[in-house]
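Per-entry structural report
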Amino acid sequence: MNKNLRIYLCAILAMFFWAGSYILTKIVFENQFRPIMTIFIRLVISSIILYVAVRLMKKKQKIDKADYWKFMVLGLMQPFFYFLGESFGLTLVSSTVASVIISTIPVVTPIFAFIFLKERISVLNIIGLIISFFGILLIVFNADYTFDASPLGVGLMFFAVSSSLVYAVFVKRLSYKYSPYTIITSQNILGVFYFLPLFLIFDFKHFILIKPNTELVLSLLGLAIFASSLAYLLFTSVIKEIGISKANMFTNLIPVFTAFFSYIILSESFTLNKIIGILIVIVGVMISQIFKVINKMIF
């Protein structure tokens, strides 16, 4: 297979898996699983898979003691804060609305990086942010300007976005020293320990009373294997080959895939406003990335 074709297929497959995670999470919630227990079980399975993969591929690195606190903050931001915001947000908004809000991360990241890392920000970044913002307004508001989505749910999704931005700052700093495999595996294992007390305090008694059916088990395995493990490994290989700028372009596919899955599997309804809003957000994200791609191609 052609190398470029293989890379692009890996990128598309990663987006496919991440888009599917919104649907699988909804299915898990419908089967009496709560957000905290869902995240905890998902991370436990994923951590085991990633740890074994790292050992088999001989990618294990020793973490310096001076960097322990950075990894602790990394795991706190993602998966802990990020998944808290995303999972509880998904109990209040549709899968499509959730995925569209999360898809704005590549747009907002340059703004955050400019403030905290003093990185250059382009006019296209700002234009993309503004366009995406108006797209989100179309999605969450009705024609009569009433809210079509839970304000709390939208707020929780943006909390997840904010956590991801702080996470990106620490990933950028740690990536100079550690491989993506070490970073991803470490953050997931730390996430398990962060969620363990919450799981034991709030959800353990409920967890042991649930009689899992096939749909629940398959959905949990899908979240752990495909969304939390394979997707990250695939996307990491894409970043290594074509860089983060070009790789981020593929995140535009997430809300598209999610909308399709939601319509087919969850029978979600779509108004004209929502469809136009989704398209506007995608256009905004693409515009924000154009400068990066052109700059990469020229220089």
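Note that the structure is a prediction, hence the values are computed from the model and not measured. (Residues numbered from 1 in each chain as written. Predicted model: local features only at pLDDT ≥ 70, side-chain atom pairs only at ≥ 80, totals over all residues. Heavy atoms only, no water.)

The residue Q32 is not glycine, and still its phi comes out positive at about 75 degrees. Among the residues examined, Q32 registers a relative accessible area of 54% and is labelled exposed. In this structure, K58 takes a positive phi of about 55 degrees despite not being glycine. By the secondary structure assignment, K58 is in the loop between α2 (35–56) and α3 (68–90). (Buried < 20%, exposed > 50% of the residue type's maximum accessible area, 1.4 Å probe, protein only. Helix = DSSP H or I, 4+ residues; strand = E, 2+ residues; numbered from the N terminus.)

Right, let's talk about helix α7 (residues 151–175) for a bit. Compared with an ideal rise of 1.5 Å per residue, which puts 25 residues at 36 Å, α7 spans 35 Å between its outermost C-alpha atoms and is within 8% of the ideal. Where α7 is concerned, the buried positions are G153, V154, M157, A160, V161, S163, S164, L165, Y167, V169, F170 and L174. (Expected span 1.5 Å × (residues − 1).)

With that settled, consider the side chain of T185. Relative to the helices and strands, T185 is located in helix α8 (residues 180–207). Residue contacts for T185: discarding those within four places in its chain leaves L50, Y51 and V54. (Contact = heavy atoms within 4.5 Å.)

Moving on, we get to the nonpolar core. Membership of the largest hydrophobic core comes to 65 residues, with the highest contact counts inside it found for W18, F33, I102 and F195. Ranked by residue count, the leading element in this core is helix α1 (residues 3–30), at 13 residues. If we skip the residues at most four places from it in the chain, F33 touches V28, T38, I41, F207, I210, L216 and L220. In this structure, F71, F170, L174 and Y178 belong to the second largest nonpolar core, which totals ten residues. (Core = buried A, V, L, I, M, F, W, Y, C linked by side-chain atoms within 4.5 Å.)

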